Amino acid sequence: MLNKLKTPIHIIGGGLAGSEASWQIAQLGIPVVLHEMRPKRKSDAHKTDKLAELVCSNSFRSDDASKNAVGLLHAEMRLAKSLIMKAADSNKVPAGGALAVDRNEFSKTITETLEKHPLITIQRREIHEIPEDWHNVIVATGPLTSPKFAQEIQAITGTEALSFFDALAPIIYTESINMNICWYQSRYDKIGPEGTGKDYLNCPLNQEQYKIFVQALISGEKVEFREFENISYFDGCLPIEVMAERGFETLRYGPMKPMGLTNTHHPTIKPYAVIQLRQDNKLGTLYNMVGFQTKLKYSEQTRIFRMIPGLEKAEFARLGGLHRNTYLNSPILLDESLRLKQKPQLRFAGQITGCEGYIESAAIGLLAGRFAAADYNRTCPSLPPKTTAFGALLNHITGGHIATNETGKRSFQPMNINFGLFPPIISTNPLEKSLPHKEKKQAIIERALNDCIQWLKNSF
Ligand SMILES: Cc1cc2nc3c(=O)[nH]c(=O)nc-3n(C[C@H](O)[C@H](O)[C@H](O)COP(=O)(O)OP(=O)(O)OC[C@H]3O[C@@H](n4cnc5c(N)ncnc54)[C@H](O)[C@@H]3O)c2cc1C
(Lines give C-alpha, C1' and ligand atoms only; values in the text may rest on other atoms or scores of the structure.)
Protein backbone atom coordinates (compact mmCIF):
# COMPACT_ATOMS: atom_id res chain seq x y z
CA MET A 1 0.00 0.00 0.00
CA LEU A 2 2.85 2.35 0.91
CA ASN A 3 4.45 1.73 -2.45
CA LYS A 4 1.24 2.71 -4.24
CA LEU A 5 1.74 6.20 -2.83
CA LYS A 6 5.02 6.56 -4.76
CA THR A 7 4.71 8.17 -8.22
CA PRO A 8 3.57 5.30 -10.42
CA ILE A 9 4.48 4.36 -13.97
CA HIS A 10 1.41 4.92 -16.18
CA ILE A 11 0.53 2.39 -18.85
CA ILE A 12 -2.09 3.25 -21.45
CA GLY A 13 -3.82 0.18 -22.93
CA GLY A 14 -4.46 -3.13 -21.18
CA GLY A 15 -3.92 -5.45 -24.15
CA LEU A 16 -1.18 -8.05 -24.60
CA ALA A 17 1.65 -5.52 -24.34
CA GLY A 18 0.21 -3.29 -21.60
CA SER A 19 -0.69 -6.26 -19.38
CA GLU A 20 2.77 -7.82 -19.71
CA ALA A 21 4.49 -4.46 -19.10
CA SER A 22 2.38 -3.87 -15.95
CA TRP A 23 3.27 -7.29 -14.59
CA GLN A 24 7.01 -6.93 -15.23
CA ILE A 25 7.13 -3.51 -13.55
CA ALA A 26 5.04 -4.48 -10.54
CA GLN A 27 7.11 -7.65 -10.00
CA LEU A 28 10.13 -5.36 -9.71
CA GLY A 29 8.43 -3.57 -6.80
CA ILE A 30 7.32 -0.45 -8.70
CA PRO A 31 3.71 0.84 -8.63
CA VAL A 32 1.74 0.93 -11.88
CA VAL A 33 -1.49 2.55 -12.99
CA LEU A 34 -2.92 0.69 -15.99
CA HIS A 35 -5.49 2.69 -18.00
CA GLU A 36 -7.85 0.63 -20.15
CA MET A 37 -10.78 2.19 -22.04
CA ARG A 38 -12.92 -0.94 -22.18
CA PRO A 39 -15.73 -1.57 -21.30
CA LYS A 40 -16.58 2.16 -21.22
CA ARG A 41 -15.37 2.54 -24.78
CA LYS A 42 -15.14 -0.44 -27.13
CA SER A 43 -12.69 -0.90 -30.02
CA ASP A 44 -13.97 -2.19 -33.36
CA ALA A 45 -12.60 -5.68 -32.73
CA HIS A 46 -12.56 -6.29 -28.95
CA LYS A 47 -15.70 -7.89 -27.53
CA THR A 48 -15.13 -8.14 -23.75
CA ASP A 49 -14.03 -6.06 -20.77
CA LYS A 50 -11.09 -8.40 -20.06
CA LEU A 51 -7.44 -7.41 -20.21
CA ALA A 52 -5.23 -9.07 -22.87
CA GLU A 53 -8.21 -10.05 -25.00
CA LEU A 54 -7.34 -12.08 -28.11
CA VAL A 55 -9.21 -10.32 -30.90
CA CYS A 56 -9.09 -13.07 -33.50
CA SER A 57 -7.34 -16.45 -33.44
CA ASN A 58 -6.74 -18.23 -30.11
CA SER A 59 -3.26 -19.37 -31.18
CA PHE A 60 0.18 -18.09 -30.27
CA ARG A 61 1.54 -20.13 -33.22
CA SER A 62 4.26 -22.78 -32.99
CA ASP A 63 5.58 -23.62 -29.54
CA ASP A 64 8.58 -25.53 -30.89
CA ALA A 65 11.71 -23.68 -29.77
CA SER A 66 13.92 -26.22 -31.53
CA LYS A 67 12.68 -25.30 -35.01
CA ASN A 68 10.77 -22.03 -35.02
CA ALA A 69 11.58 -18.37 -34.42
CA VAL A 70 8.23 -17.84 -32.70
CA GLY A 71 8.76 -20.95 -30.54
CA LEU A 72 12.12 -19.48 -29.57
CA LEU A 73 10.42 -16.23 -28.57
CA HIS A 74 8.02 -18.26 -26.38
CA ALA A 75 11.03 -19.89 -24.69
CA GLU A 76 12.71 -16.54 -24.04
CA MET A 77 9.45 -15.11 -22.67
CA ARG A 78 9.19 -18.05 -20.26
CA LEU A 79 12.79 -17.43 -19.14
CA ALA A 80 11.85 -13.80 -18.45
CA LYS A 81 8.87 -14.94 -16.33
CA SER A 82 6.24 -13.57 -18.68
CA LEU A 83 2.68 -13.40 -17.35
CA ILE A 84 1.25 -13.85 -20.86
CA MET A 85 3.17 -17.13 -21.28
CA LYS A 86 2.24 -18.32 -17.79
CA ALA A 87 -1.46 -17.67 -18.47
CA ALA A 88 -1.18 -19.30 -21.91
CA ASP A 89 0.51 -22.41 -20.48
CA SER A 90 -2.14 -22.80 -17.79
CA ASN A 91 -5.05 -22.38 -20.22
CA LYS A 92 -3.76 -24.51 -23.12
CA VAL A 93 -6.10 -26.36 -25.48
CA PRO A 94 -4.93 -29.17 -27.79
CA ALA A 95 -3.53 -27.75 -31.05
CA GLY A 96 -0.72 -30.04 -32.25
CA GLY A 97 2.61 -28.20 -32.20
CA ALA A 98 0.96 -24.82 -31.68
CA LEU A 99 0.29 -23.09 -28.38
CA ALA A 100 -3.45 -22.40 -28.43
CA VAL A 101 -5.51 -21.28 -25.46
CA ASP A 102 -9.04 -21.09 -24.13
CA ARG A 103 -9.37 -17.40 -24.91
CA ASN A 104 -11.84 -16.56 -22.13
CA GLU A 105 -9.93 -18.35 -19.40
CA PHE A 106 -6.65 -16.89 -20.66
CA SER A 107 -7.87 -13.27 -20.45
CA LYS A 108 -9.67 -13.97 -17.17
CA THR A 109 -6.44 -15.31 -15.60
CA ILE A 110 -4.55 -12.19 -16.66
CA THR A 111 -7.27 -9.79 -15.53
CA GLU A 112 -7.59 -11.44 -12.10
CA THR A 113 -3.80 -11.65 -11.62
CA LEU A 114 -3.32 -7.96 -12.39
CA GLU A 115 -6.38 -6.89 -10.37
CA LYS A 116 -5.05 -8.77 -7.34
CA HIS A 117 -1.50 -7.41 -7.56
CA PRO A 118 -0.88 -5.00 -4.65
CA LEU A 119 1.18 -2.62 -6.81
CA ILE A 120 -1.23 -2.39 -9.75
CA THR A 121 -4.20 -0.03 -9.98
CA ILE A 122 -6.49 -0.48 -12.97
CA GLN A 123 -8.44 2.54 -14.18
CA ARG A 124 -11.16 1.96 -16.76
CA ARG A 125 -11.13 5.10 -18.88
CA GLU A 126 -10.15 6.27 -22.32
CA ILE A 127 -7.06 8.46 -22.33
CA HIS A 128 -7.27 11.39 -24.74
CA GLU A 129 -4.19 13.31 -23.70
CA ILE A 130 -1.11 12.53 -21.68
CA PRO A 131 -1.01 14.75 -18.55
CA GLU A 132 2.18 16.79 -18.15
CA ASP A 133 2.80 15.40 -14.66
CA TRP A 134 3.14 11.79 -15.88
CA HIS A 135 6.89 11.32 -16.06
CA ASN A 136 7.21 7.67 -16.98
CA VAL A 137 4.55 6.47 -19.43
CA ILE A 138 4.14 3.43 -21.67
CA VAL A 139 1.72 3.77 -24.58
CA ALA A 140 0.41 0.31 -25.55
CA THR A 141 -2.88 1.17 -27.24
CA GLY A 142 -2.42 -1.30 -30.07
CA PRO A 143 -3.40 -1.49 -33.74
CA LEU A 144 -6.87 -0.09 -32.98
CA THR A 145 -5.80 2.88 -30.83
CA SER A 146 -8.85 5.05 -30.15
CA PRO A 147 -9.15 7.84 -32.76
CA LYS A 148 -8.93 10.70 -30.24
CA PHE A 149 -5.77 9.32 -28.71
CA ALA A 150 -4.31 8.63 -32.17
CA GLN A 151 -4.75 12.36 -32.82
CA GLU A 152 -2.81 13.11 -29.63
CA ILE A 153 0.00 10.76 -30.73
CA GLN A 154 0.03 12.44 -34.14
CA ALA A 155 0.20 15.85 -32.51
CA ILE A 156 3.23 14.74 -30.47
CA THR A 157 5.07 12.81 -33.17
CA GLY A 158 4.04 14.62 -36.39
CA THR A 159 1.46 13.70 -39.02
CA GLU A 160 3.82 11.57 -41.13
CA ALA A 161 4.82 9.47 -38.15
CA LEU A 162 1.69 7.36 -37.72
CA SER A 163 0.25 4.90 -40.25
CA PHE A 164 -3.31 3.62 -40.16
CA PHE A 165 -3.08 0.76 -42.66
CA ASP A 166 -0.56 -1.93 -43.48
CA ALA A 167 0.03 -2.46 -47.16
CA LEU A 168 2.31 -5.44 -46.71
CA ALA A 169 4.37 -6.86 -49.55
CA PRO A 170 5.66 -10.42 -49.07
CA ILE A 171 9.21 -10.82 -47.71
CA ILE A 172 11.46 -13.65 -48.87
CA TYR A 173 14.55 -15.24 -47.31
CA THR A 174 17.44 -14.30 -49.61
CA GLU A 175 18.98 -17.76 -49.47
CA SER A 176 15.83 -19.28 -51.01
CA ILE A 177 16.06 -17.10 -54.18
CA ASN A 178 17.44 -18.81 -57.30
CA MET A 179 20.44 -16.70 -58.35
CA ASN A 180 20.85 -18.70 -61.57
CA ILE A 181 17.70 -16.92 -62.77
CA CYS A 182 17.63 -13.62 -60.83
CA TRP A 183 20.24 -10.89 -61.09
CA TYR A 184 21.26 -7.77 -59.18
CA GLN A 185 20.55 -4.43 -60.90
CA SER A 186 18.86 -1.12 -60.08
CA ARG A 187 16.63 0.25 -62.85
CA TYR A 188 18.81 2.13 -65.36
CA ASP A 189 21.74 1.23 -63.05
CA LYS A 190 20.77 4.25 -60.96
CA ILE A 191 23.12 4.63 -58.03
CA GLY A 192 20.94 7.02 -55.97
CA PRO A 193 22.04 8.65 -52.70
CA GLU A 194 23.31 5.54 -50.91
CA GLY A 195 23.03 2.87 -53.59
CA THR A 196 25.39 0.86 -55.75
CA GLY A 197 23.47 0.56 -59.06
CA LYS A 198 22.90 -3.10 -58.15
CA ASP A 199 20.50 -2.72 -55.23
CA TYR A 200 17.57 -4.82 -56.49
CA LEU A 201 17.15 -8.48 -57.30
CA ASN A 202 15.20 -8.97 -60.54
CA CYS A 203 13.00 -11.90 -61.59
CA PRO A 204 12.33 -12.05 -65.38
CA LEU A 205 9.10 -13.27 -67.02
CA ASN A 206 8.50 -13.96 -70.72
CA GLN A 207 5.12 -13.16 -72.30
CA GLU A 208 3.65 -16.62 -71.70
CA GLN A 209 4.79 -16.70 -68.06
CA TYR A 210 3.37 -13.20 -67.54
CA LYS A 211 0.00 -14.22 -69.03
CA ILE A 212 -0.28 -17.28 -66.76
CA PHE A 213 0.79 -15.24 -63.73
CA VAL A 214 -1.79 -12.48 -64.35
CA GLN A 215 -4.54 -15.09 -64.76
CA ALA A 216 -3.49 -16.77 -61.52
CA LEU A 217 -3.68 -13.43 -59.65
CA ILE A 218 -7.18 -12.75 -61.01
CA SER A 219 -8.54 -16.20 -60.21
CA GLY A 220 -6.69 -16.63 -56.85
CA GLU A 221 -8.78 -16.77 -53.66
CA LYS A 222 -8.86 -13.47 -51.76
CA VAL A 223 -9.49 -12.55 -48.11
CA GLU A 224 -12.58 -10.39 -47.55
CA PHE A 225 -12.22 -7.12 -45.62
CA ARG A 226 -13.90 -6.93 -42.23
CA GLU A 227 -16.72 -4.42 -42.05
CA PHE A 228 -14.80 -1.92 -39.90
CA GLU A 229 -11.77 -2.00 -42.16
CA ASN A 230 -13.74 -0.50 -45.05
CA ILE A 231 -10.64 0.49 -47.02
CA SER A 232 -11.04 2.62 -50.11
CA TYR A 233 -7.90 1.97 -52.14
CA PHE A 234 -5.62 4.82 -53.02
CA ASP A 235 -3.55 4.38 -56.16
CA GLY A 236 -0.14 4.17 -54.46
CA CYS A 237 -1.18 1.03 -52.61
CA LEU A 238 -3.48 -1.00 -54.85
CA PRO A 239 -3.41 -4.73 -54.22
CA ILE A 240 -1.59 -6.53 -57.01
CA GLU A 241 -4.69 -8.57 -57.97
CA VAL A 242 -6.80 -5.40 -58.28
CA MET A 243 -4.20 -4.02 -60.69
CA ALA A 244 -4.30 -7.30 -62.64
CA GLU A 245 -8.09 -7.03 -62.95
CA ARG A 246 -7.78 -3.53 -64.42
CA GLY A 247 -6.23 -4.85 -67.64
CA PHE A 248 -3.74 -7.36 -69.02
CA GLU A 249 -0.97 -4.75 -69.40
CA THR A 250 -1.58 -2.79 -66.18
CA LEU A 251 1.07 -4.60 -64.13
CA ARG A 252 3.66 -4.16 -66.92
CA TYR A 253 3.20 -0.42 -66.49
CA GLY A 254 3.31 -0.70 -62.70
CA PRO A 255 5.30 -2.95 -60.36
CA MET A 256 6.23 -5.41 -63.16
CA LYS A 257 7.77 -2.80 -65.48
CA PRO A 258 10.67 -4.33 -67.50
CA MET A 259 12.26 -1.00 -68.50
CA GLY A 260 15.87 -0.13 -67.69
CA LEU A 261 16.82 -3.72 -66.83
CA THR A 262 19.07 -6.20 -68.67
CA ASN A 263 19.12 -9.84 -67.64
CA THR A 264 22.81 -10.58 -66.98
CA HIS A 265 22.19 -14.32 -67.53
CA HIS A 266 20.72 -13.69 -71.02
CA PRO A 267 21.67 -10.11 -72.03
CA THR A 268 20.16 -10.38 -75.54
CA ILE A 269 16.72 -11.52 -74.39
CA LYS A 270 14.53 -8.64 -73.17
CA PRO A 271 12.19 -9.80 -70.35
CA TYR A 272 8.49 -9.11 -71.02
CA ALA A 273 7.95 -8.23 -67.35
CA VAL A 274 10.17 -8.07 -64.26
CA ILE A 275 9.43 -8.38 -60.55
CA GLN A 276 11.90 -6.47 -58.41
CA LEU A 277 12.96 -7.50 -54.93
CA ARG A 278 14.40 -4.93 -52.57
CA GLN A 279 16.70 -5.52 -49.61
CA ASP A 280 14.60 -5.42 -46.46
CA ASN A 281 17.07 -5.56 -43.58
CA LYS A 282 20.61 -4.40 -42.96
CA LEU A 283 21.82 -7.97 -42.79
CA GLY A 284 20.68 -8.62 -46.37
CA THR A 285 18.98 -11.85 -45.33
CA LEU A 286 15.52 -10.64 -46.43
CA TYR A 287 14.14 -9.15 -49.66
CA ASN A 288 10.64 -7.75 -50.21
CA MET A 289 8.58 -7.95 -53.41
CA VAL A 290 8.31 -4.32 -54.49
CA GLY A 291 4.70 -3.11 -54.87
CA PHE A 292 3.22 -6.55 -54.18
CA GLN A 293 0.71 -5.74 -51.41
CA THR A 294 -2.15 -8.20 -51.73
CA LYS A 295 -5.37 -9.56 -50.28
CA LEU A 296 -4.76 -13.04 -51.71
CA LYS A 297 -5.13 -15.82 -49.11
CA TYR A 298 -1.78 -16.92 -47.65
CA SER A 299 -1.89 -20.38 -49.28
CA GLU A 300 -2.65 -18.76 -52.64
CA GLN A 301 0.24 -16.31 -52.26
CA THR A 302 2.72 -19.12 -51.69
CA ARG A 303 1.35 -21.07 -54.69
CA ILE A 304 1.16 -18.13 -57.09
CA PHE A 305 4.40 -16.34 -56.15
CA ARG A 306 6.37 -19.58 -56.53
CA MET A 307 5.28 -19.48 -60.22
CA ILE A 308 7.67 -16.52 -60.65
CA PRO A 309 10.96 -17.56 -62.29
CA GLY A 310 13.68 -17.50 -59.63
CA LEU A 311 11.18 -17.88 -56.78
CA GLU A 312 10.24 -21.53 -57.38
CA LYS A 313 11.58 -22.47 -53.95
CA ALA A 314 11.01 -19.13 -52.21
CA GLU A 315 10.57 -19.29 -48.45
CA PHE A 316 8.51 -16.42 -47.09
CA ALA A 317 9.44 -14.60 -43.87
CA ARG A 318 6.12 -12.75 -44.14
CA LEU A 319 3.25 -12.91 -46.60
CA GLY A 320 1.47 -9.90 -48.04
CA GLY A 321 -1.61 -8.17 -46.66
CA LEU A 322 -3.62 -5.02 -46.40
CA HIS A 323 -5.42 -4.26 -43.14
CA ARG A 324 -6.16 -1.66 -40.51
CA ASN A 325 -3.23 -1.07 -38.18
CA THR A 326 -2.06 1.99 -36.28
CA TYR A 327 1.72 1.99 -35.99
CA LEU A 328 4.60 4.41 -35.64
CA ASN A 329 7.56 5.01 -37.89
CA SER A 330 9.58 3.59 -35.00
CA PRO A 331 13.11 3.39 -36.48
CA ILE A 332 13.03 7.16 -36.81
CA LEU A 333 11.01 8.11 -33.73
CA LEU A 334 12.10 5.73 -30.99
CA ASP A 335 15.44 5.26 -29.27
CA GLU A 336 16.86 1.82 -28.60
CA SER A 337 14.91 1.44 -25.34
CA LEU A 338 11.59 2.33 -27.08
CA ARG A 339 11.43 5.93 -25.78
CA LEU A 340 10.17 8.69 -28.00
CA LYS A 341 13.34 10.62 -28.86
CA GLN A 342 11.61 13.99 -28.69
CA LYS A 343 9.77 13.23 -25.42
CA PRO A 344 11.73 10.57 -23.52
CA GLN A 345 9.18 10.32 -20.72
CA LEU A 346 6.99 8.48 -23.28
CA ARG A 347 7.76 4.92 -24.25
CA PHE A 348 5.81 2.78 -26.74
CA ALA A 349 5.07 -0.94 -26.59
CA GLY A 350 3.16 -3.62 -28.49
CA GLN A 351 1.89 -3.61 -32.02
CA ILE A 352 1.86 0.20 -32.24
CA THR A 353 5.69 0.04 -32.39
CA GLY A 354 5.62 -2.04 -35.59
CA CYS A 355 5.78 -5.63 -34.47
CA GLU A 356 3.03 -7.98 -35.57
CA GLY A 357 1.28 -10.73 -33.61
CA TYR A 358 0.08 -11.48 -30.10
CA ILE A 359 3.33 -12.86 -28.76
CA GLU A 360 5.54 -10.26 -30.43
CA SER A 361 3.35 -7.50 -28.93
CA ALA A 362 3.60 -9.10 -25.49
CA ALA A 363 7.40 -9.45 -25.89
CA ILE A 364 7.81 -5.76 -26.70
CA GLY A 365 5.54 -5.02 -23.69
CA LEU A 366 7.86 -7.13 -21.54
CA LEU A 367 10.92 -5.20 -22.73
CA ALA A 368 9.22 -1.80 -22.38
CA GLY A 369 8.25 -2.73 -18.80
CA ARG A 370 11.82 -3.66 -17.89
CA PHE A 371 13.21 -0.53 -19.55
CA ALA A 372 10.66 1.74 -17.80
CA ALA A 373 11.55 0.11 -14.47
CA ALA A 374 15.24 0.83 -15.10
CA ASP A 375 14.42 4.51 -15.80
CA TYR A 376 12.35 4.59 -12.62
CA ASN A 377 15.33 3.29 -10.64
CA ARG A 378 17.62 5.73 -12.49
CA THR A 379 19.70 2.94 -13.96
CA CYS A 380 20.59 2.31 -17.57
CA PRO A 381 18.14 -0.10 -19.31
CA SER A 382 19.85 -3.37 -20.15
CA LEU A 383 19.16 -4.12 -23.83
CA PRO A 384 18.82 -7.75 -24.92
CA PRO A 385 21.60 -8.91 -27.30
CA LYS A 386 20.60 -8.77 -30.99
CA THR A 387 21.33 -12.50 -31.16
CA THR A 388 18.26 -13.23 -28.98
CA ALA A 389 14.67 -13.27 -30.27
CA PHE A 390 13.96 -10.31 -27.96
CA GLY A 391 16.92 -8.37 -29.36
CA ALA A 392 16.26 -9.28 -33.01
CA LEU A 393 12.66 -8.06 -32.72
CA LEU A 394 13.69 -4.89 -30.88
CA ASN A 395 16.34 -4.21 -33.51
CA HIS A 396 13.74 -4.56 -36.29
CA ILE A 397 11.67 -1.89 -34.55
CA THR A 398 14.29 0.58 -33.46
CA GLY A 399 17.19 0.24 -35.80
CA GLY A 400 17.64 -2.60 -38.19
CA HIS A 401 15.41 -1.58 -41.07
CA ILE A 402 16.82 0.08 -44.15
CA ALA A 403 14.23 -0.42 -46.90
CA THR A 404 13.16 2.68 -48.77
CA ASN A 405 10.06 3.22 -50.88
CA GLU A 406 9.89 4.36 -54.50
CA THR A 407 10.34 8.00 -53.53
CA GLY A 408 13.54 7.17 -51.69
CA LYS A 409 11.97 7.60 -48.24
CA ARG A 410 12.72 5.01 -45.62
CA SER A 411 9.73 2.70 -45.28
CA PHE A 412 8.97 0.60 -42.22
CA GLN A 413 6.49 -2.25 -42.11
CA PRO A 414 5.31 -4.38 -39.18
CA MET A 415 6.69 -7.88 -38.95
CA ASN A 416 6.43 -11.14 -37.00
CA ILE A 417 9.58 -12.61 -35.47
CA ASN A 418 11.50 -14.67 -38.06
CA PHE A 419 15.03 -16.01 -38.53
CA GLY A 420 15.83 -13.33 -41.11
CA LEU A 421 15.95 -10.77 -38.26
CA PHE A 422 18.82 -12.55 -36.48
CA PRO A 423 22.51 -11.89 -37.25
CA PRO A 424 23.75 -14.80 -39.40
CA ILE A 425 25.96 -17.54 -37.99
CA ILE A 426 29.34 -17.59 -39.66
CA SER A 427 30.90 -21.05 -39.85
CA THR A 428 34.18 -21.46 -37.98
CA ASN A 429 35.31 -23.98 -40.61
CA PRO A 430 37.06 -21.92 -43.35
CA LEU A 431 36.32 -24.63 -45.95
CA GLU A 432 32.59 -24.16 -45.46
CA LYS A 433 31.32 -20.86 -46.78
CA SER A 434 28.26 -21.13 -44.58
CA LEU A 435 26.51 -23.83 -42.60
CA PRO A 436 23.67 -25.87 -44.17
CA HIS A 437 20.20 -24.32 -43.61
CA LYS A 438 19.10 -26.72 -40.85
CA GLU A 439 22.35 -26.45 -38.89
CA LYS A 440 22.30 -22.68 -39.23
CA LYS A 441 18.85 -22.53 -37.60
CA GLN A 442 19.98 -24.83 -34.80
CA ALA A 443 23.04 -22.67 -34.17
CA ILE A 444 20.93 -19.47 -34.13
CA ILE A 445 18.53 -21.04 -31.61
CA GLU A 446 21.31 -22.29 -29.34
CA ARG A 447 23.10 -18.95 -29.42
CA ALA A 448 19.84 -17.09 -28.71
CA LEU A 449 18.93 -19.16 -25.67
CA ASN A 450 22.43 -18.96 -24.17
CA ASP A 451 22.62 -15.21 -24.74
CA CYS A 452 19.12 -14.70 -23.32
CA ILE A 453 19.99 -16.60 -20.14
CA GLN A 454 23.17 -14.52 -19.72
CA TRP A 455 21.31 -11.27 -20.39
CA LEU A 456 18.62 -12.04 -17.82
CA LYS A 457 21.27 -13.07 -15.29
CA ASN A 458 23.16 -9.80 -15.74
CA SER A 459 20.21 -7.38 -15.76
CA PHE A 460 18.34 -6.42 -12.57
C1 LIG B 1 -8.65 -7.34 -36.18
C2 LIG B 1 -7.31 -7.87 -35.76
C3 LIG B 1 -7.09 -9.24 -35.71
C4 LIG B 1 -5.84 -9.73 -35.29
N5 LIG B 1 -5.65 -11.07 -35.24
C6 LIG B 1 -4.48 -11.58 -34.79
C7 LIG B 1 -4.31 -13.00 -34.68
O8 LIG B 1 -5.19 -13.78 -34.98
N9 LIG B 1 -3.11 -13.45 -34.22
C10 LIG B 1 -2.10 -12.62 -33.86
O11 LIG B 1 -1.04 -13.10 -33.44
N12 LIG B 1 -2.25 -11.27 -33.96
C13 LIG B 1 -3.40 -10.73 -34.42
N14 LIG B 1 -3.57 -9.38 -34.55
C15 LIG B 1 -2.42 -8.52 -34.33
C16 LIG B 1 -2.01 -8.07 -32.92
O17 LIG B 1 -0.92 -8.78 -32.53
C18 LIG B 1 -3.02 -8.02 -31.88
O19 LIG B 1 -3.89 -7.00 -32.24
C20 LIG B 1 -2.47 -7.77 -30.44
O21 LIG B 1 -3.57 -7.79 -29.59
C22 LIG B 1 -1.69 -6.48 -30.27
O23 LIG B 1 -1.35 -6.30 -28.91
P24 LIG B 1 -1.28 -4.84 -28.24
O25 LIG B 1 -1.12 -5.02 -26.79
O26 LIG B 1 -0.27 -4.04 -28.97
O27 LIG B 1 -2.70 -4.21 -28.57
P28 LIG B 1 -4.15 -4.68 -28.02
O29 LIG B 1 -4.11 -6.08 -27.55
O30 LIG B 1 -5.13 -4.29 -29.06
O31 LIG B 1 -4.34 -3.76 -26.73
C32 LIG B 1 -4.52 -2.39 -26.80
C33 LIG B 1 -5.46 -2.00 -25.69
O34 LIG B 1 -5.50 -0.57 -25.60
C35 LIG B 1 -6.83 -0.15 -25.36
N36 LIG B 1 -6.92 1.24 -25.80
C37 LIG B 1 -6.87 1.73 -27.06
N38 LIG B 1 -6.92 3.09 -27.04
C39 LIG B 1 -7.00 3.45 -25.74
C40 LIG B 1 -7.08 4.71 -25.07
N41 LIG B 1 -7.09 5.87 -25.73
N42 LIG B 1 -7.16 4.73 -23.71
C43 LIG B 1 -7.15 3.57 -22.99
N44 LIG B 1 -7.09 2.35 -23.59
C45 LIG B 1 -7.00 2.29 -24.94
C46 LIG B 1 -7.67 -1.16 -26.13
O47 LIG B 1 -8.98 -1.24 -25.64
C48 LIG B 1 -6.88 -2.45 -25.92
O49 LIG B 1 -7.32 -3.16 -24.80
C50 LIG B 1 -4.79 -8.84 -34.96
C51 LIG B 1 -5.03 -7.47 -35.03
C52 LIG B 1 -6.27 -6.98 -35.42
C53 LIG B 1 -6.48 -5.51 -35.47
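Structural data are supplied above this passage.
Reading guide: rules and limits
Residues numbered from 1 in each chain as written. Predicted model: local features only at pLDDT ≥ 70, side-chain atom pairs only at ≥ 80, totals over all residues. Heavy atoms only, no water. Helix = DSSP H or I, 4+ residues; strand = E, 2+ residues; numbered from the N terminus. Buried < 20%, exposed > 50% of the residue type's maximum accessible area, 1.4 Å probe, protein only. Pairing = 2+ DSSP bridges. Contact = heavy atoms within 4.5 Å. Axes fitted to C-alpha atoms, helices over the stretch in contact; angles between N-to-C directions. Near = heavy atom within 4 Å. Polar contact = N/O pair within 3.5 Å; in protein donor to acceptor, adjacent residues only side chain to side chain. Nonpolar A, V, L, I, M, F, W, Y, C, P; charged D, E, K, R; others polar. Salt bridge = Lys/Arg side-chain N within 4 Å of Asp/Glu carboxyl O. Core = buried A, V, L, I, M, F, W, Y, C linked by side-chain atoms within 4.5 Å.

Draft legend 1. Looking closely at unusual backbone geometry. Cis rather than trans, the peptide bond between Arg 38 and Pro 39 has omega equal to 0°. With respect to the element layout, Pro 39 can be found in the loop between strand E2 (32-36) and strand E3 (59-62). The backbone phi angle of Arg 61 is positive, close to 70°, even though this residue is not glycine. Here Arg 61 lies in strand E3. Phi at Tyr 188 takes a positive value of approximately 55°, unusual for a residue other than glycine. Along the chain, Tyr 188 turns up in the loop between strand E10 (183-184) and strand E11 (200-205). Owing to a relative accessible area of 56%, Tyr 188 belongs among the exposed residues under this scheme.

Draft legend 2. Broad picture of the sheet that holds strand E13 (residues 286-289). Spatially, the six strands line up as an open sheet ordered E10-E11-E12-E13-E9-E14, and their pairing is antiparallel. Each of the sheet's edge strands pairs with one partner strand only, and the pair in question is E10 and strand E14 (316-318). Pairing of strand E9 (residues 171-173) with E13 involves three bridges; the strand directions are antiparallel. Within the sheet, the bridge partner assigned to Ile 172 lies in E13 and is Tyr 287. Here helix H6 (residues 207-219) sits on the sheet in contact with E11 and strand E12 (273-279), set at roughly 95° to E11.

Draft legend 3. View of the pairing of E13. Residues of E13 alternate between two faces, with Leu 286 and Asn 288 on one and Tyr 287 and Met 289 on the opposite face, all of them buried. Strand direction decides the pairing type here: E12 and E13, joined by three bridges, are antiparallel. Residue Arg 278 lies in a different strand from E13, and its bridge partner there is Asn 288. Linking E12 back to E13 in an antiparallel pair, the connection comprises six residues, with Gly 284 at a positive phi of about 75°.

Draft legend 4. The arrangement of the sheet that holds strand E4 (residues 92-93) in detail. Strands sit in the order E3-E5-E4 across an open sheet of three strands; the sheet is antiparallel. Across the chains shown, the open sheet's two edge strands, defined by having one partner strand only, are E3 and E4. Here two bridges tie E4 to strand E5 (residues 98-101), and the two strands are oriented antiparallel to one another. Pairing of Lys 92 across the sheet is with Val 101, part of E5.

Draft legend 5. Focus on the site of the ligand. Near the ligand there are 31 residues, and of these Ala 17, Glu 36, Gln 351, Gly 357 and Tyr 358 occur at the shortest range. Contact distances for the ligand include 3.0 Å between an oxygen atom and a backbone N or O atom of Ser 57. Within the backbone of Gly 357, one N or O atom sits 3.0 Å away from an oxygen atom of the ligand. Breaking the shell around the ligand down by element, the ones donating at least two residues are helix H1 (16-27), E2 and helix H10 (358-376). Taken together, the residues of the shell around the ligand break down into 13 nonpolar, 14 polar and four charged.

Draft legend 6. The pattern of salt bridges, seen in detail. Taken as a whole and judged by the stated rule, the model has 15 salt bridges. Residue Asp 63 pairs with Arg 78 through a salt bridge whose shortest N-O separation is 3.2 Å. Residue Asp 63 is located in the loop between E3 and helix H2 (69-79), and its partner Arg 78 is located in helix H2; the two are separated by 15 residues in the primary sequence. By relative accessible area, Asp 63 is classed as partly exposed at 23%.

Draft legend 7. Examining helix H8 (residues 298-305) more closely. Looking only at H8, the buried set comprises Glu 300, Gln 301, Thr 302, Ile 304 and Phe 305. Residues of H8 that are buried in the fold lie against H6, E13 and E14.

Draft legend 8. The pairing of E11, seen in detail. Here E11 lies mainly inside the structure; six of its six residues are buried. Every second residue of E11 is oriented toward a common face, with Tyr 200, Asn 202 and Pro 204 on one face and Leu 201, Cys 203 and Leu 205 on the other, all of them buried. Sheet analysis places E10 next to E11, joined by two bridges and oriented antiparallel. Bridge pairing in E11 links Trp 183 to Asn 202. Sheet analysis places E11 next to E12, joined by six bridges and oriented antiparallel. Paired with Tyr 200 across the bridge in E12 is Arg 278.

Draft legend 9. Fine view of helix H3 (residues 83-90). Among the residues of H3, those classed as buried are Leu 83, Ile 84, Met 85, Ala 87 and Ala 88. Regarding H3, its N-cap is Ser 82, as a side-chain oxygen of that residue lies 3.2 Å from the backbone nitrogen of Ile 84 further along.

Draft legend 10. Fine view of the nonpolar core. The biggest cluster of nonpolar side chains holds 90 residues, and the ones touching the most others in it are Phe 60, Phe 106, Phe 390 and Ile 417. With eleven residues, the single largest contributor to this core is H10. Once you skip the residues sitting within four places of it in the chain, Phe 106 turns out to touch Leu 16, Ala 52, Leu 54, Phe 60, Ile 84, Ala 87, Ala 88, Asn 91 and Val 101. In this structure, Cys 182, Leu 201, Met 256 and Tyr 272 belong to the second largest nonpolar core, which totals 33 residues.

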